[in-house]
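Each chain, written out:
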Amino acid sequence: DAGPNPMTEENTMIERIHTNARMSRIVKHNGTVYLCGQVGSGATVAEQTRDCLSRVDALLEEAGSSKAHILQAIVWLAHMSDFDEMNEVWDAWVPEGQAPARACGEARLAGSDLLVEVIVTAAIAEGNKI
């Protein structure tokens, strides 16, 4: 006996939410939720970061997770000179003692008015797994 097959129907089930021809805003698989990149509105990087993170909160809640369950975050800034201002908002948002693995880099974002984009992978809270 080779033991349990890790590729059973239960383990390969993928749920896609808010899907169009290009992408899904939420993908859930095997106890993990993946969010598409989130941007926010506002004139400053702080305003955009606050709005962006509120969108992350809403999507995580819809997916059965929360910011306390974030495993990894990737932050893209249009200008690394905005790093400290973005981090002020980020640091106030992340639950104490539950900071995820994180990377931050500079990138040309999809619109010239965009200053920050955040990509999140999180664990789905127990009882909410598909």
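Everything below is about the structure printed above this text.
All values reported here derive from a predicted model rather than from experimental measurement.

Conventions used here
Residues numbered from 1 in each chain as written. Predicted model: local features only at pLDDT ≥ 70, side-chain atom pairs only at ≥ 80, totals over all residues. Heavy atoms only, no water. Pairing = 2+ DSSP bridges. Helix = DSSP H or I, 4+ residues; strand = E, 2+ residues; numbered from the N terminus. Axes fitted to C-alpha atoms, helices over the stretch in contact; angles between N-to-C directions. Contact = heavy atoms within 4.5 Å. Salt bridge = Lys/Arg side-chain N within 4 Å of Asp/Glu carboxyl O. Buried < 20%, exposed > 50% of the residue type's maximum accessible area, 1.4 Å probe, protein only. Arc of directions from axis to C-beta.

Enquirer: Lay out the sheet that holds strand β3 (residues 32–35) in plain terms, naming residues and giving numbers.
Expert: Strand order in the open sheet formed by 6 strands is β1-β2-β3-β6-β4-β5, and the pairing between neighbours is mixed. The strands lining the two open edges of the sheet, one partner per strand, are β1 (14–19) and β5 (101–106). Between one strand axis and the next, the sheet turns through 10° on average, direction left out of account. Where β1 and strand β2 (residues 24–29) come together, 5 bridges link them in antiparallel fashion. Note that in β2 the partner of R16 across the bridge is V27. Each of β1, β2, β3, β4 (70–77) and β6 (116–123) is contacted by helix α2 (residues 45–63), which is oriented at about 25° to β6, the strand it contacts most.

Enquirer: Tell me about the pattern of salt bridges, and name the residues and values.
Expert: A full pass over the atoms with the stated rule returns 2 salt bridges. The shortest N-O distance in the salt bridge between E15 and K28 comes to 3.8 Å. Of the two residues, E15 is situated in strand β1 and K28 in strand β2; the sequence distance between them amounts to 13 residues. K28 gets classed as buried once you look at its relative accessible area, which sits at 7%. Measuring nitrogen to oxygen at the nearest pair gives 2.7 Å for the salt bridge that ties D51 to R55.

Enquirer: An account of the side chain of T32 is requested, with residue identities and associated values reported.
Expert: Mapped onto the fold, T32 is located in strand β3. Excluding residues that lie within four positions of it along the chain, T32 makes contacts with V27, L71, T121, A122 and I124.

Enquirer: With reference to specific residues and values, describe helix α3 (residues 83–93).
Expert: Those residues of α3 not exposed but buried are M86, N87, V89, W90 and W93. One face of α3 carries all of its buried residues, which in axial projection span an arc of 165°. Of the exposed residues in α3, those oriented more than 90 degrees away from the buried face are D84, E88, D91 and A92. Buried residues belonging to α3 abut α2, β4, β5 and β6.

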